[in-house]
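Per-entry structural report
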Amino acid sequence: MASWEGEVISTLGKSCDRTSWSTSSGRDTENGCASSWDGPASSSWSTVTAFDFLLVFIMGSSSRQGIRAGRGEQRAQRNSMKAWLNGLAEFFNSVTGGSSLIPTYRVLDGGGNVIPGAELPQIDKAFAHRLYENMQLLPTLDTVLYNVQRQGKISFYYGEEATIIGSAAALEMDDEILGQYREMGVLLWRGFAIDDVMAQCFGNEEDGSGKGRQMPVHFGSPKHHFHTISSPLATQIPQAAGVGYALKRTPDRRSRSIAACYFGEGAASEGDFHAGLMLASTIPSPTLFIARNNGFAISTPSTEQYNGDGIASRGPGYGIDTVRVDGNDVLAVLAAIREARKRCLEQGRAVLVEAMSYRVSHHSTSDDSFAYRPRTEVEDRKKVDNPIMRFRLFMESQGWWNADAETELKARLKEDVMKAFKRAETLKRAELSELFTDVYGGEQPWHLKEQRAELAGLLRKYGSTYEPWRKELAKFKNNGRDLLD
Amino acid sequence: MYQAVRDAMSIALAKDDSAVVFGEDVAFGGVFRCTMFGRERVFNTPLTEQGIVGFGVGLALMGHTAIAEIQFADYIFPAFDQLVNEAAKIRYRSGGTYNVGGLTIRTPTMSVGHGGLYHSQSPEGFFMGASGLKVVIPRSPIQAKGLLLGSIRDPNPVIFMEPKILYRSAGLFAVEQVPVDDYELPLGQAEILVPGADLTLLTWGTPVYHSKVELIDLRSILPWDVETVAESVNRTGRLVIVHEAGMTAGVGAEISAEIQKRCFLKLNAPIKRVTGWE
Ligand SMILES: Cc1ncc(C[n+]2csc(CCOP(=O)(O)OP(=O)(O)O)c2C)c(N)n1
Ligand SMILES: [Mg+2]
């Protein structure tokens, strides 16, 4: 049993003040006693205390202190029927501490001021500029794509700029990313070009993400360690546990790289979410789960997605270090993900971060969200809790930013995006013969060869004479002639 | 056949440092002596089929060799999405930049006679529409070893279905001396076991042992070996397909459609399917 449990104890010994749960359940197993009983009673607490040193509490959690029983006491209670019966009411909900909520870590308040007592993550002016540029690039791209798109779907990033860019900046460039679809900013942070974005969204011949086979924003790039996005929700979550385990088994990446997995609070309702967290906790691997809680899954508000305390409350159940962070505060996200990443590597274990934000935009271009939420709610959010504005105010307070810089940046980004857009528009689709490639590796099976030959035969016969086909073929690179060879 | 499967996995683990074997209860019962490869390489997972396949996809995405076990083929359905939408399509959706060729899913299949509803099914047909996957069913210990190693090393994700009645029944059917060395059998190729003149009988898995005419073991369900079958039917003029799964939209339906197209003028009788009751 002991191989990785032993490992865990030794690495945990090094980490700050985390004392119970994994460590204790490991010991319990070695001693041969059941660990299921006393584990959960203290787990939520220990997860919170573990992050105490960097947490600024918005909501108090001290009420838990009274309920928490030490390990020795718990043993005694277990042996004493009387204690059981007398204190039964106290045992209900002792894990969650009654009505108190998991606190949210923040560095900046809504006005961009550093909250008293909060520790600023280490950043300098140049790094701040980079954060801000990338945050601004997201809505710039959104606006252009929104205005041009005629059919299909493009998702939007409004409202989550801080979560995406803050986390991207905290990760190493070669940490493996498994995203959902709102994480384009991670790619941009890593140097994925605006031309690459356009190529994928247009599905043109330069689309290195998927040769025009997928819907817009389904990016992928091995060069940027960004696994290709899949439409079916949550499938990336157990995959991330496998990717993390592979990293742990790769000598030159072990202790250096982690798997970082993003998903929405809606996707977290899928079975795959539970499968993924469970696997990453029982088969330990350096896997960082980043739940983007933006309040909505298309039209469904998060209140209809769970009755517990968000996604963060589930982490302790899996014995995973967990923190909730203000997803509109880029510095808080940066600090929390840096710390979470460090824990992943030091402990060789999964960590869960829940980033709270609000999806200011519609779900996608085929969605009109004012049908299910008031326009005023959205407008208020844009003004009161705007992640870009908040960071801008902070930069101004440091003397790092001013109105001229803002004007220059916006103009430059818009120009870059428009240039890439105009270029992408002129490009054709990938070769038609790509329709049959990449289904299998190695030799192409007969049924695909035959189907390819059948299409080629039809094209030979009608391709140049049947007008609708001729028009359609003209949209492909080489006008479909590659199929005829 | 049980030992042959174990043997194949031992070879895969020994020769490929990235290979891992995992699934529900695989570390239990001495399937492998844990000391041989250690718990880092042969391990139990929690009870989550979707998780097992998703986890394997993740390993394979990183170029590792993932040999996952689904305890019974009847329980592969929670993993259907990870298999059909993920494993099968990752290469295509990423334009060839990612693939999960290192993934092999082993799972015991078919009936033993006392398995009841949920330990007797033959779900291979459900995967026949999932291009990108390969589906393989061995008939004997030698076949199991060669095809499993072939599957593990194939550059595509493979579902490897092991007819469970054959695990411990070497004496019942054929006694085979399984080569101890590493060796592979090719996927996608059927084998004519008994040559004949008047009728082609096409089947796979357990039913292979119940026939007398020109007998073909299809071995791979996807892609299936249309050439061998068509060549045989062109000679014999008659085809009977036998499978354990039910008739409607079973694998036999697909094969019948293709063979009647290719062998229409040579057929002396309609293609007949002998299948499980639905
Ligand atoms: C398995 C599956 N079911 C349903 C959908 C349709 N769908 C696409 S996005 C979405 C909402 C997801 O919400 P959330 O996870 O909160 O992410 P967000 O869009 O808020 O970032 C749904 C239901 C899907 N893509 N996959
Ligand atoms: Mg959401």
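As a convention, each chain's residues are numbered from 1 in the sequence order in which they are written. Lettering for chains starts from A, numbering for ligands starts from 1, and both go in the order in which the items are written. For a predicted model such as this one, the threshold for reporting local features is a pLDDT of at least 70, and the threshold for listing and counting side-chain atom pairs is 80 or more; totals across whole chains, interfaces and linings nevertheless cover every residue. Side-chain metrics rest on all non-hydrogen atoms present in the structure, leaving aside hydrogens and water.

Chain B is annotated in an unreviewed UniProt entry as 3-methyl-2-oxobutanoate dehydrogenase (2-methylpropanoyl-transferring) from Laccaria bicolor. According to the UniProt record, the Catalytic activity (unreviewed entry) comment for chain B is "N(6)-[(R)-lipoyl]-L-lysyl-[protein] + 3-methyl-2-oxobutanoate + H(+) = N(6)-[(R)-S(8)-2-methylpropanoyldihydrolipoyl]-L-lysyl-[protein] + CO2". Annotation of chain B in UniProt includes, under Cofactor (unreviewed entry), the sentence "thiamine diphosphate". UniProt positions are given in the numbering used here, feature names are shortened, and annotations may be inferred rather than shown by experiment.

As recorded by an unreviewed UniProt entry, chain A carries the name 2-oxoisovalerate dehydrogenase subunit alpha and is attributed to Laccaria bicolor. The Cofactor (unreviewed entry) comment attached to chain A in UniProt states, word for word, "thiamine diphosphate". Listed in UniProt under the heading Function (unreviewed entry), the comment for chain A reads: "The branched-chain alpha-keto dehydrogenase complex catalyzes the overall conversion of alpha-keto acids to acyl-CoA and CO(2). It contains multiple copies of three enzymatic components: branched-chain alpha-keto acid decarboxylase (E1), lipoamide acyltransferase (E2) and lipoamide dehydrogenase (E3)."

**Concerning the interface of chain B and chain A**
Residue-level contacts link 49 residues of chain B with 52 residues of chain A. One side-chain nitrogen of Lys or Arg within 4 Å of one carboxyl oxygen of Asp or Glu is enough to make a salt bridge. Across the contact surface, chain B and chain A share two salt bridges. Across the salt bridge formed by Glu-450 of chain A and Arg-262 of chain B, the nearest N and O atoms sit 2.2 Å from each other. Counting of polar contacts relies on pairs of N or O atoms within 3.5 Å, with two restrictions inside protein: one atom must be capable of donating a hydrogen and the other of accepting it, and residues adjacent in sequence are counted only when both atoms are side-chain atoms. Here chain B is connected to chain A by 27 residue pairs in polar contact (both at pLDDT 80 or more). The way it works is that DSSP assigns letters per residue, a run of H or I at least four long becomes a helix, a run of E at least two long becomes a strand, and they are numbered from the N terminus. Counting only elements with at least two residues in the side of chain B that touches chain A, the list comes to strand E2 (42–44), helix H3 (49–61), helix H4 (80–87), helix H5 (90–93) and helix H8 (251–262) of chain B. When residues of the side of chain B that touches chain A are assigned to their parent elements, the largest contribution, nine residues, is made by H3 of chain B. Broken down by class, the residue content of the side of chain B that touches chain A amounts to 19 nonpolar, 18 polar and twelve charged. The contact criterion used is simple: two residues touch if any of their non-hydrogen atoms lie within 4.5 Å. Throughout this entry, Asp, Glu, Lys and Arg are counted as charged residues, while Ala, Val, Leu, Ile, Met, Phe, Trp, Tyr, Cys and Pro are counted as nonpolar. The remaining residues, Gly among them, count as polar.

**A few points about the site of ligand 1**
All names here are of chain A. The cutoff for a nearby residue is simple: one of its non-hydrogen atoms must lie within 4 Å of the molecule or strand. Around ligand 1, the structure places 17 residues, and the nearest of them are Tyr-181, Arg-182, Ala-267, Asn-294 and Phe-296. Within the backbone of Leu-233, an N or O atom sits 3.0 Å from a nitrogen atom of ligand 1. The fraction of the free accessible surface of ligand 1 (590 Å²) that becomes covered by protein chains is 73%. When its residues are assigned to classes, the shell around ligand 1 shows seven nonpolar, six polar and four charged. With residues, only the protein chains shown are counted as cover, and all accessible areas are computed by Shrake-Rupley using a 1.4 Å probe.

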